[in-house]
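# Coordinates in review
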Amino acid sequence: MKNPNTIFFIFIFILLTFQFSVLVFSQDSCNSKLNLKSRLPFDATSLNCLPIWSNEDFVLRYGQSKASGNIWSFVLSTPNPKSFVAMGFSTTGRMVGSSAIVGWVESDGTAMMKRYYLGGTSPALVVKDQGNVSLVEGSSSVMVESSRFYMSFQLDMDQPSSRLVFCRTKWVFSDRT
């Protein structure tokens, strides 16, 4: 029989290697290359990058299309929340009154993304398929890759609001669709 100490050290080594690989592969930063090119519905190679909401490890890539000045591209990366992620565009910097893009992955693996107008703090004032942002058809995608959640979309507008509101939660809507 093998030495119990040797087996213990091998077990610890494998466990630490696994934890390190999960940590390394679930990271995203502006210093790392976005390896989703073939899975995104638009070219994201020249997007600007900002680490935002650092406590929650959000990374935002964004840019204005050179071909059409009214098209803005966004890729938001977060640790996988196993619920939903939202990015709101606000003229006041507050959530109420903003228009939000919300993405999630259903339990069956179906990726979903919808637009909402956040008219107030009660669920009745959160209005689906409304708001002052216009998604470019066929430009949206939601995916989980290496323990990270990626939400990408394009907006057709002159200039998106520079006041952004972000949310990630494990709370689930009672009626998301």
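Check the entry above for the structure.
On a predicted model such as this, the values are computed, not experimentally measured, just so you know.

Our focus in this paragraph is the packing of aromatic side chains. Geometrically, a pair of aromatic rings is defined through the distance of the ring centres and the angle of the planes. Using the criterion set out here, one finds 5 aromatic pairs in the structure. Aromatic side chains Phe74 and Phe89 sit 5.4 Å apart centroid to centroid with 70° between the ring planes, which places their arrangement in the edge-to-face category. Of the two residues, Phe74 is situated in strand β3 (residues 71-79) and Phe89 in strand β4 (residues 84-90); the sequence distance between them amounts to 15 residues. An aromatic cluster of three or more residues is present, and its members are Trp53, Phe58 and Phe166.

This paragraph deals with the pairing of strand β2 (residues 58-64). As a general feature of sheets, a regular strand has side chains that alternate between the two faces. Counting buried residues in β2 gives 5 out of 7 residues, a clear majority hidden from the surface. Sheet topology places strand β1 (residues 48-52) next to β2; 5 bridges connect them, and they run antiparallel. Each bridged residue has a counterpart across the sheet, and for Leu50 the counterpart in β2 is Leu60. What sits between the antiparallel neighbours β1 and β2 is a turn of 5 residues, in which Trp53 has the positive phi angle 45°. Summarising the sheet, β2 and β3 pair through 6 bridges and their orientation is antiparallel. Each residue of the ladder has a partner; that of Val59, found in β3, is Ser77. If you look at the hairpin formed by β2 and β3, you'll find 6 residues sitting between the two strands.

Let us now look at the environment of Gly97. Locating Gly97 in the fold gives a position in the loop between β4 and β5 (98-105). The exposure class of Gly97 is partly exposed, given its relative accessible area of 33%. Along the sequence, Gly97 and Val126 sit 29 residues apart, while their C-alpha atoms lie 9.7 Å from each other. Among all residues touching Gly97, those that are not within four sequence positions of it are Tyr117 and Leu118.

In spatial order, the strands read β1-β2-β3-β9-β8; together these 5 strands make up an open sheet with antiparallel pairing. At either margin of the open sheet sits one strand with a lone partner, and together these are β1 and β8 (141-145). Taken pair by pair, the neighbouring strands of this sheet meet at an average axis angle of 20°, ignoring direction.

About the cut-offs
- Residues numbered from 1 in each chain as written.
- Predicted model: local features only at pLDDT ≥ 70, side-chain atom pairs only at ≥ 80, totals over all residues.
- Heavy atoms only, no water.
- Phe/Tyr/Trp six-rings, centres within 6.5 Å; stacked < 30°, edge-to-face > 60°.
- Helix = DSSP H or I, 4+ residues; strand = E, 2+ residues; numbered from the N terminus.
- Buried < 20%, exposed > 50% of the residue type's maximum accessible area, 1.4 Å probe, protein only.
- Pairing = 2+ DSSP bridges.
- Contact = heavy atoms within 4.5 Å.
- Axes fitted to C-alpha atoms, helices over the stretch in contact; angles between N-to-C directions.

In short, shape yes, function no, at least from these values alone.
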